[in-house]
Amino acid sequence: MGCCATCCEGLFRFILFIFNLGLLGAGIALLVVGGIASKEFQDYADANLFESRYLWGPVVLAIVVGVLLVLVGFFGIGGLCCKNKCMLKAFIVFLVILMILEISMMVLAFVYRDQGEDSARDGIRKAMVKAYGSGADTKTKKALDKLQSEFKCCGSTNATDYKVANLAVPPVCCSDTVTVCREDTAYMKVHISAHAENMIRMNHSMLMC
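The paragraphs below set out a description of the structure included in this document. (Residues numbered from 1 in each chain as written. Predicted model: local features only at pLDDT ≥ 70, side-chain atom pairs only at ≥ 80, totals over all residues. Heavy atoms only, no water.)

## Concerning the environment of L98
Line of reasoning, step 1. Mapped onto the elements, L98 comes out in helix α4 (residues 85–111).
Line of reasoning, step 2. Accessibility expressed as a relative area gives 7% for L98, which makes it buried.
Line of reasoning, step 3. Measuring from C-alpha to C-alpha, the distance between L98 and V67 comes to 9.9 Å, with 31 residues separating the pair along the chain.
Line of reasoning, step 4. When residues no more than four places from it in sequence are discounted, the contact partners of L98 are V65, L68, L69 and V72. (Helix = DSSP H or I, 4+ residues; strand = E, 2+ residues; numbered from the N terminus. Buried < 20%, exposed > 50% of the residue type's maximum accessible area, 1.4 Å probe, protein only. Contact = heavy atoms within 4.5 Å.)

Given below as structure tokens:
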């Protein structure tokens, strides 16, 4: 009976160790993703392409969740290996905080999902006029060109958006093989605001995993 109990305890400790090691790895990965995202989004932030709360909110939360995961994993592993009660108590506290934060983020992401999508559409439309209209803004043009080039999209919905805004379709909306960029030669894949919406959704989904 004692041997069986010892084996069960050892197995349980091993499973908890693997679980905490996974949390520690996930936390480090999330911190790396948050750092990369903050660098990638800087051009969009400088050009005010999207509202700050929708652009930076998920990034900041990713870093916060990453830090909490690292703390949970660290104290969990330390508490198990050293059989330290203080570390185990800290593990439980940080785990509860993490669960509360995750639930809160799920609720907020659900409540504000439509507002984030509308913000992406409006942001692209305003950026088009600001970047390619009279008195073109260099930062906005750089950010919008980057977005359209990377996703191979054009306009908020399609190239027609430029015609509606009385603007010429920019060269970045077409492939390098196209001589003159027009509505009929521009990228016709999923529109750029949809990609921006997916980018925002992806940030929220990443935090809820």
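## Considering the side chain of T140
Line of reasoning, step 1. With respect to the helices and strands, T140 occurs in helix α6 (residues 138–151).
Line of reasoning, step 2. T140 gets classed as buried once you look at its relative accessible area, which sits at 1%.
Line of reasoning, step 3. Residues within four places of T140 in sequence aside, it is in contact with A47, L49, A127, K130 and A131.

## Some points on the nonpolar core
Line of reasoning, step 1. Counting residues in hydrophobic clusters, the biggest one holds 24 residues, and the most contacted among them are Y132, L144, C154, Y162, V169, C173 and A186.
Line of reasoning, step 2. Looking at this core, the elements that each hand over two or more residues are α5 (113–132) and α6.
Line of reasoning, step 3. Residue contributions to this core peak at five residues, all from α5.
Line of reasoning, step 4. Not counting chain neighbours up to four residues away, the residues in contact with A186 comprise C154, A159, V169, C173 and C174.
Line of reasoning, step 5. One finds L23, L68, L98 and M105 within the second-largest nonpolar core, a separate group that totals 13 residues. (Core = buried A, V, L, I, M, F, W, Y, C linked by side-chain atoms within 4.5 Å.)

## Comments concerning the packing of aromatic side chains
Line of reasoning, step 1. Counted according to the given criterion, the structure contains three aromatic pairs.
Line of reasoning, step 2. Look at F75 and F94: their rings are 5.7 Å apart centre to centre, the planes differ by 15 degrees, and that puts the pair in the stacked class. With F75 in helix α3 (residues 52–82) and F94 in helix α4, the pair connects residues that are 19 residues apart, well separated along the chain.
Line of reasoning, step 3. When its relative accessible area of 22% is taken as the criterion, F94 is described as partly exposed.
Line of reasoning, step 4. Considering the side-chain rings of Y132 and Y162, the 5.7 Å spacing of their centres and the 65 degrees angle between planes classify their relative orientation as edge-to-face. You can see Y132 sitting in helix α5 and its partner Y162 sitting in helix α7 (residues 160–164), a full 30 residues away along the chain. Comparing Y132 with Y162 shows no difference in burial state: the two are buried.
Line of reasoning, step 5. Members of the aromatic cluster, each reached through a chain of ring pairs, are F74, F75 and F94. (Phe/Tyr/Trp six-rings, centres within 6.5 Å; stacked < 30°, edge-to-face > 60°.)

Scope: geometric values only; no functional claims are made or implied.
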